[in-house]
Amino acid sequence: MAKTYYTEDHEWLTVHQGEATVGITDYAQEQLGDIVFVEAAEIGKQLKKGDTAVVVESVKAASDVYAPLDGEIIAANDALSSDPSLVNSAAVGAGWLWKMKLADESQLDGLLDEAGYKKLIG
Amino acid sequence: MSDETRHLPLEDLHKDADAKFGAFAGWYMPLTYPAGVMKEHLHTREHVGLFDISHMKLFRVTGIGAAAMLSKACPIDAAALPLRQSKLSFFLNEDAGILDDLIITRLDHDAFMVVCNAGNAEADEAHMRDIGGHFNVVIEPLDRVFIAIQGPGAASALETQGIDLGGLTFMNGFEPKEGWFMSRSGYTGEDGFEIALPEFQARALVTNMLQDDRVQWVGLAARDSLRLEAGLCLHGNDIDQSTDPASAALLWAIPKDLRENGAFIGATALREKIASGAKQKRVGLKPEGRQPVRGGAPILDEDGNTVGRVTSGGFGPSVGHPVAMGYVASQLAKPGAANLFAEVRGQRIPISVHSLPFTPHRYFKG
């Protein structure tokens, strides 16, 4: 099982051979409420840490989801176009948002582990 | 306006129900409950939604000059309003801009209930007192808990609590007992009631109603998606001082003779606007696909010219697609008149003019 990292912006990522799968945490999906649309991640897009990677729309509002690290988007989760509620029902899993090739794996050191994230959300 | 956030008298009950709160119009309001906006919305359309709308303001307007004063303040013939009749009306400025929309109910020969939006309550009161100075009238702001009971089971759920519905039909209201005001109206497109009552009685009623399996709390988020599907305006979004009843497609709320001869504030400007024709009109809008289009998005024609704007938008849980409302150039304000696009984050989403409401109204008309 790959290690899961977390950000203070309530994202999770798992890393395998320099590629990260990114999604929002269960806490984040709960705060957003019912997700009705996920803007597909743009494959090939170069991102700097903190850039908007995708936009998640709940009934209430649109929310940006940020790149947790520098890298290039290499895959989008096509399942979300027909069933965006996967982000609610399986935030950390089938509701992943995009995969990215990391530019610099040493940036992972700046992220939270599960214990650190749990402390953050209290 | 005061900077201090106001709190609902029943806030503790919402906290007990695990509501998520947020600020709205200066109030700390329950936005959603654990069921979530989607389920709360659908529950209201299928069963009974219970809403705390105590942020809205009620004014009891009484005195021998009450009807005359309201007929000056609003495009309404208050003296001709039948007893118990409720009517949607507006406070207009001299340019016929909409200061607020409100529901006026005739309680008695010389007594009316005026229900205003939370965000405009202070301005509305000042406005009424300003006009009221010229009439023999008493304007009394009420301190009440105000709840809405909405959905196909609303009447039955209230009767289960031993509440006499007084034979009310849609857009009727009365004072069933001391300190109470009850009307058959709402903001969801469903049959339903709005009841203003003293806090201690409200606590008992709400607590007992929630024991009924059909009844559950519904927050402000679903209130918004319900009213949007029902094609109802939110003041501050879909109507405001920059829009008038003609452009807002709300002339139906103004009797024809008053449009022509009325002496209400804003009458002259409104007549001019009607004569010259509104440049833009409020319409329903249906974005293509699944992506919601929110208020503020510009509407473009095929050549990229801005021809309108979205004023409210979101996802319609009952219709299962995004829904929106906005203004477009009058010649485009009918279904199929042109290919239109809403611009969202630099992308153009095809959007079409759609008749309102998105979901049929199911009012009880007797």
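The model shown is predicted, which means the values in this text are computed figures rather than measured ones.

Chemist: Can you help me understand the overall build of chain B in this one?
Modeler: For chain B, the helix and strand inventory stands at nine helices and 20 strands. Over its C-alpha atoms chain B spans a radius of gyration of 20 Å, differing by no more than 12% from the 21 Å that the globule rule assigns to 366 residues. By its C-alpha atoms, chain B is 60 × 50 × 45 Å across when sized along the principal axes. Here chain B holds 366 residues, and 49% of them are scored as buried. Contacts in chain B between residues at least 24 apart in sequence constitute 67% of all its contacts with a sequence separation of at least 6.

Chemist: In this structure, what is going on with the overall build of chain A? I would like to understand it.
Modeler: A tally of regular secondary structure across chain A gives four helices and nine strands. Helices and strands in chain A line up, N terminus first, as β-β-β-α-β-β-β-β-β-α-α-β-α. What you see for chain A is a C-alpha radius of gyration of 13 Å, in line with the 14 Å of a compact globule of 122 residues. Dimensions of chain A, computed from C-alpha atoms along their principal axes, come out at roughly 35 × 35 × 25 Å.

Chemist: Before we go on, may I ask you to explain the interface of chain B and chain A in this structure?
Modeler: Many analyses report the size of an interface as the accessible area lost when the parts associate. Between chain B and chain A, the residue contacts involve 14 residues of the former and nine residues of the latter. Sorting the residues of the side of chain B that touches chain A by element identifies helix H2 (37-46), helix H7 (220-229) and strand S17 (306-316) of chain B as the ones contributing at least two each. Among the residues forming the side of chain B that touches chain A, the class breakdown is six nonpolar, five polar and three charged.

Chemist: What is the right way to look at the domain arrangement of chain B in this model?
Modeler: All names here are of chain B. Domain boundaries assigned for chain B yield domain 1 (6-54 + 144-229) and domain 2 (279-366). Here the C-alpha centroids of domain 1 and domain 2 sit 29 Å apart. Domain 1 puts 15 residues into the contact, and the matching count from domain 2 is 18 residues. Going through the elements one at a time, H2 and H7 are the ones with two or more residues in the side of domain 1 that touches domain 2. Looking at the side of domain 1 that touches domain 2 residue by residue, the class counts come to five nonpolar, four polar and six charged.

Chemist: Even after reading the chapter, I still don't get the packing of helix H3 (residues 66-73) of chain B against helix H4 (residues 121-132) of chain B, so can you show me in this structure?
Modeler: The axes of two packed helices give the description: the angle between them and the distance between them. Residues and elements named next belong to chain B. One can describe the packing of H3 onto H4 by two numbers: an axis separation of 10 Å at closest approach and a directional angle of 120 degrees. The angle between H3 and H4 places the two elements in the oblique class. As H3 runs across H4, the sense of the crossing is right-handed. Facing Met69, Lys72 and Ala73 of H3, the residues of H4 in contact are Met128, Ile131 and Gly132. Residue composition of the contact of H3 with H4, by class: four nonpolar, one polar and one charged.

Chemist: Explanation requested: the sheet that holds S17(B) in the structure shown.
Modeler: One key point about sheets: their strands pair by backbone hydrogen bonds, in either a parallel or an antiparallel sense. All names here are of chain B. Strand order in this closed barrel of six strands is S15-S18-S17-S16-S19-S20, and the pairing throughout is antiparallel. Geometrically, the sheet is characterised by an average inter-axis angle of 45 degrees between neighbouring strands, direction not taken into account. Judged from the three bridges that link them, strand S16 (residues 298-300) and S17 form a sheet pairing that is antiparallel. Its bridge partner being in S17, Leu300 is matched across the sheet by Thr306.

Chemist: In this structure, what is going on with the nonpolar core? I would like to understand it.
Modeler: The tendency in soluble globular proteins is for nonpolar side chains to be buried as a group. Leu97(A), Trp98(A), Leu50(B), Leu70(B), Val114(B), Ile147(B) and Ile149(B) are the most contacted members of the largest nonpolar core, which has 112 residues in total. What Ile147(B) contacts, discounting residues up to four positions off in sequence, is Leu50(B), Phe51(B), Asp52(B), Ile53(B), Ile195(B), Ala202(B) and Val206(B). Val283(B), Val307(B), Val310(B) and Leu356(B) belong to the second largest nonpolar core, which has 21 residues in total.

Chemist: Quick question: what am I supposed to make of the sheet that holds strand S3 (residues 27-32) of chain B here?
Modeler: All names here are of chain B. In spatial order, the strands read S1-S3-S2; together these three strands make up an open sheet with mixed pairing. Edge strands, defined here as strands with exactly one partner in the open sheet, are strand S1 (6-7) and strand S2 (20-24). Across five bridges, S2 lies against S3 in antiparallel orientation. Its bridge partner being in S3, Phe21 is matched across the sheet by Pro30. Each of S2 and S3 is contacted by H7, which is oriented at about 70 degrees to S3, the strand it contacts most.

Chemist: Explain the environment of Leu86(A) to me, please; I cannot follow it from the model alone.
Modeler: Residue and element names in this part refer to chain A. Tracing the backbone shows Leu86 in helix H3 (residues 86-89). Once the C-alpha coordinates of Leu86 and Ala76 are considered, the two residues, ten residues apart in sequence, prove to be 14 Å apart. Residues within four places of Leu86 in sequence aside, it is in contact with Ala79, Leu80, Ala94 and Gly95.

Chemist: What is the right way to read unusual backbone geometry from this model?
Modeler: With glycine set apart, most residues show a phi of negative sign, and most peptide bonds adopt trans. Residue and element names in this part refer to chain B. Note the cis peptide between Leu356 and Pro357, where omega equals -5 degrees. Positionally, Pro357 belongs in the segment after strand S20 (347-354). Despite not being glycine, Ala25 has its phi angle at roughly 50 degrees, a positive value. Here Ala25 is to be found in the loop between S2 and S3. Assessed through the 17 C-beta atoms surrounding it within 10 Å, Ala25 is described here as partly exposed. A positive phi angle is found at Ala96, which is not glycine, with a value near 70 degrees. Mapped onto the fold, Ala96 is located in the loop between strand S6 (86-92) and strand S7 (98-108).

The rules behind these values
Residues numbered from 1 in each chain as written. Chains lettered and ligands numbered in written order. Predicted model: local features only at pLDDT ≥ 70, side-chain atom pairs only at ≥ 80, totals over all residues. Helix = DSSP H or I, 4+ residues; strand = E, 2+ residues; numbered from the N terminus. Rg over C-alpha atoms; globule rule 2.2 N^0.38 Å. Buried ≥ 20, exposed ≤ 12 C-beta atoms within 10 Å, placed from the backbone. Contact = placed C-beta atoms within 7 Å. Nonpolar A, V, L, I, M, F, W, Y, C, P; charged D, E, K, R; others polar. Domains from an automatic or database assignment. Axes fitted to C-alpha atoms, helices over the stretch in contact; angles between N-to-C directions. Parallel < 35°, antiparallel > 145°, perpendicular 65-115°, else oblique. Left-handed = near helix turned anticlockwise from the far one by under 90°. Pairing = 2+ DSSP bridges. Core = buried A, V, L, I, M, F, W, Y, C linked by C-beta atoms within 7 Å.

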